[in-house]
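A closer look at the structure
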Amino acid sequence: MEPAVQLRGAVTLLGRFPALAGIDLDVAAGEIVLLRGPNGAGKTTLLRLCAGLLSVSRGTAVVLGHDLPHRRAVRALRRRVGLLGHATGLYDELTVADNVRFWGRAAGASREDIAGALAACGLDGRLGDVLVVNLSAGQRRRTSLACLLARRPELWLLDEPHAGLDQDGRDLVDGLVHRAVASGATVVLASHDLDRAEALADRVVTVAGGTTTTGITSGPPAEPAPEVARVS
Amino acid sequence: MFRDASLMAGKDLRIELRSRVTLQQVLPFAVLVLILFGIALDPDRGVLGRASGGLFWVTVLFCALLAIQRAFTIEAADGGRDALRLSGLDPAGIFLGKAAAIAAQLVAVEVLLAAGVVIMYGTEVTGVPLLLATCLAATAGLAAAGTLYGVLAAGLRVRETLLPILLLPVLTPVLIGATKAFEAALGGVAADGWPWCGLLLVFALLYLTFGTLAFGTLLEES
């Protein structure tokens, strides 16, 4: 099976600054990979590269079979990935349901997909009618997750997915990740919540080299993944 | 493309309906500007009547700046721009949708301003077909050019101050053409106004075409 992500000597510049300096990375389809590393190591940049938001200046980057330097490939790729970043991308003046509906429909999601995503994230009912500006940080995170889930991406790119969530929310993330993988998706996540994230991942990849990442090493997870909460 | 445009326009208009920025800020601003022109030129009501077309369109231009700023401020908040790039929406659809939403807000402004000009400046409305055609063509041009320059400025830190400097010179043909057409319709010879209306239409078509083609690149690069 074709790897979901294949980077060879990938260099990404932010201005003149090499945020990624020659990265090699392989992620197999259906795998859950954790990116580990200190602040500024380039984890977020790596996720943004995989999402097609950044380009490679040197080297090659093939994600879901799309060769990233090509603009058409980038646009085709973006329809197939979901990125949960630090920013939520939500519109404060719209309700939770309006946001999920908009981002879902933008990706061609059906009404059932959107309703299912809201229900899976515990946002159906009255919470769906609340304006995003009135949500707590955790509820905003859940809404972002629902937007991502409605898109039904083939590659989930999760940047600190457990941040700002309570215990139920963290269990929800883990459950959604396992459900996504069970349905054939691939997950790459970056996290500082190592105990939980390592337990979730099939494989741990260390992004090293500070802001000028120079290499990646791989290793097995610290312990087997535990049972996670089932999400309807 | 048109499905995406409809989705985008619906979203932007829903945000405006919920936030009421157009209703509670842009429309009162438009009336305020009309009143200020009236105060400044009141000693000679004849001037107000003769200049009503130009005053109307200068006020529309100011309101267009506010609407365009607003249209891109909502996308700049909390990573909205990246989300838009990742959304899978056709960039041409995003452009047309945002332009349509801005145009809808400008039409509301123009209706209110028309009433204001008639009531406050004592302008007699004649040549209604030319007035309506001018409003439609000029509004389409303002919205299309505004959306294009809006996304260009949106990626910059100084966008609030830069947008008027970039946009107002570009919109000068709209101001001239729409004012001339209004002057012809309001007391002049209506037939003299139609060529100006044609110019506005050409301007609108040019920017709609260019925006449809270039918006994706500007969204990515700016």
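Note that the coordinates shown come from a computational prediction; the quantities given were computed from them, not determined experimentally. (Residues numbered from 1 in each chain as written. Chains lettered and ligands numbered in written order. Predicted model: local features only at pLDDT ≥ 70, side-chain atom pairs only at ≥ 80, totals over all residues.)

**Remarks on the overall build of chain A**
Under the convention used in this document: A run of H or I in DSSP becomes a helix once it reaches four residues, and a run of E becomes a strand once it reaches two; helices and strands are each numbered from the N terminus. Here the C-beta atoms are placed from the backbone, and a residue counts as buried if at least 20 other C-beta atoms lie within 10 Å of its own, exposed if 12 or fewer do, and partly exposed otherwise. Remark: residues whose backbone-derived C-beta atoms lie within 7 Å of one another are considered to be in contact.
Counting its regular elements, chain A contains seven helices and ten strands. Taken across its 232 residues, chain A has 50% of its residues classed as buried. Sequence separation of 24 or more characterises 72% of the internal contacts of chain A that already satisfy a separation of 6 or more.

**Notes on the overall build of chain B**
Within chain B one finds nine helices and zero strands. For chain B, the spread of C-alpha atoms along the three principal axes comes to 55 × 35 × 30 Å. Counting every position in chain B, which comprises 222 residues, the buried fraction comes to 50%. Look at the contacts in chain B between residues 6 or more apart in sequence, and 85% of them connect residues 24 or more apart.

**Brief notes about the packing of helix α5 (residues 91-121) of chain B against helix α9 (residues 190-221) of chain B**
A pair of packed helices can be characterised by two numbers: the angle between their axes and the separation between those axes. All names here are of chain B. Filter applied, for reference: The axes used here are C-alpha line fits, helices contributing only the stretch in contact, and every angle between their N-to-C directions lies in the interval 0 to 180 degrees. To sort the angles, those under 35 degrees are grouped as roughly parallel, those over 145 as roughly antiparallel, those from 65 to 115 as roughly perpendicular, and the leftovers as oblique. Three classes are used: nonpolar for Ala, Val, Leu, Ile, Met, Phe, Trp, Tyr, Cys and Pro, charged for Asp, Glu, Lys and Arg, and polar for all others, with Gly counted as polar.
It is at 7 Å that the axes of α5 and α9 come closest, and there the two elements cross at 105°. Classified by the angle their axes make, α5 and α9 are roughly perpendicular. On α9, the residues that touch Pro-91, Ala-92, Ile-94, Phe-95, Leu-96 and Ala-99 of α5 are Gly-211, Thr-212, Phe-215, Gly-216 and Leu-219. Residues belonging to the contact of α5 with α9 are distributed by class as follows: eight nonpolar, three polar and no charged.

**Focus on helix α5 (residues 137-151) of chain A**
Each turn of an α-helix holds 3.6 residues, which means side chains three or four residues apart point in the same direction. All names here are of chain A. The criterion, for reference: A helix's residues, less one, multiplied by 1.5 Å, set its expected span.
The terminal C-alpha atoms of α5 lie 22 Å apart, and with 15 residues this matches the ideal 21 Å at 1.5 Å per residue to within 8%. Most of α5 sits out of view: twelve of its 15 residues are buried. Where α5 is concerned, the buried positions are Gln-139, Arg-141, Arg-142, Thr-143, Ser-144, Leu-145, Ala-146, Cys-147, Leu-148, Leu-149, Ala-150 and Arg-151. Residues of α5 that are buried in the fold lie against β6 (81-84), α3 (96-106), α4 (111-120) and α6 (167-182). Looking one or two residues beyond α5, the residue adopting positive phi is Arg-152, at roughly 50°.

**Observations concerning the domain arrangement of chain A**
All names here are of chain A. Quick reminder of the rule: An automatic or database domain assignment supplies the residue ranges for each domain.
Segmentation of chain A into domains returns domain 1 (1-80 + 155-232) and domain 2 (87-152). The interface is formed by ten residues belonging to domain 1 together with ten residues belonging to domain 2. For the side of domain 1 that touches domain 2, the class distribution of residues is five nonpolar, three polar and two charged.

**A few points about the sheet that holds strand β1 (residues 5-14) of chain A**
Whenever strands of a sheet pair, they do so through backbone hydrogen bonds, lying parallel or antiparallel. Residues and elements named next belong to chain A. The condition that has to hold: Here, a strand pair is defined by DSSP locating no fewer than two bridges between the strands.
With respect to topology, four strands assemble into an open sheet ordered β2-β1-β4-β5, the strand pairing being antiparallel. The open sheet has two edge strands, β2 (17-27) and β5 (66-67), and neither has a second partner. Note that β1 and strand β4 (residues 58-63) share five bridges and pair antiparallel. Counted as the bridge partner of Gln-6 is Val-62 from β4. Here helix α1 (residues 43-50) sits on the sheet in contact with β1, β2 and β4, set at roughly 65° to β2.

**Let's talk about the pairing of strand β7 (residues 155-159) of chain A**
Residues and elements named next belong to chain A. With five of five residues buried, β7 is to be regarded as a mostly interior element. Residues of β7 alternate between two faces, with Leu-155, Leu-157 and Asp-159 on one and Trp-156 and Leu-158 on the opposite face, all of them buried. Pairing of β6 with β7 involves four bridges; the strand directions are parallel. Bridging across to β7, Leu-84 finds its partner in Leu-158.

**Here's the deal with α5(B)**
Here α5(B) contains 31 residues, and its C-alpha end-to-end distance of 42 Å stays within 8% of the 45 Å for a straight helix at 1.5 Å per residue. Backbone geometry just after α5(B) places B:Gly122 at a positive phi near 65°.

**Points about the interface of chain B and chain A**
One frequent convention defines the size of an interface as the accessible area lost when the parts assemble. The partner chain A presents 21 residues to the 18 residues of chain B that form the contact. Elements that contribute at least two residues to the side of chain B that touches chain A include exactly α1 (2-19) and α4 (80-86) of chain B. In terms of residue count, the dominant contributor to the side of chain B that touches chain A is α1(B) (six residues). Residues belonging to the side of chain B that touches chain A are distributed by class as follows: seven nonpolar, five polar and six charged.

**Digging into the environment of B:Val47**
Residue and element names in this part refer to chain B. By secondary structure assignment, the location of Val-47 is in helix α3 (residues 45-76). What makes Val-47 partly exposed here is the crowd of 15 C-beta atoms within 10 Å. In sequence terms Val-47 and Gly-193 are 146 residues apart; their C-alpha atoms lie 20 Å from each other.

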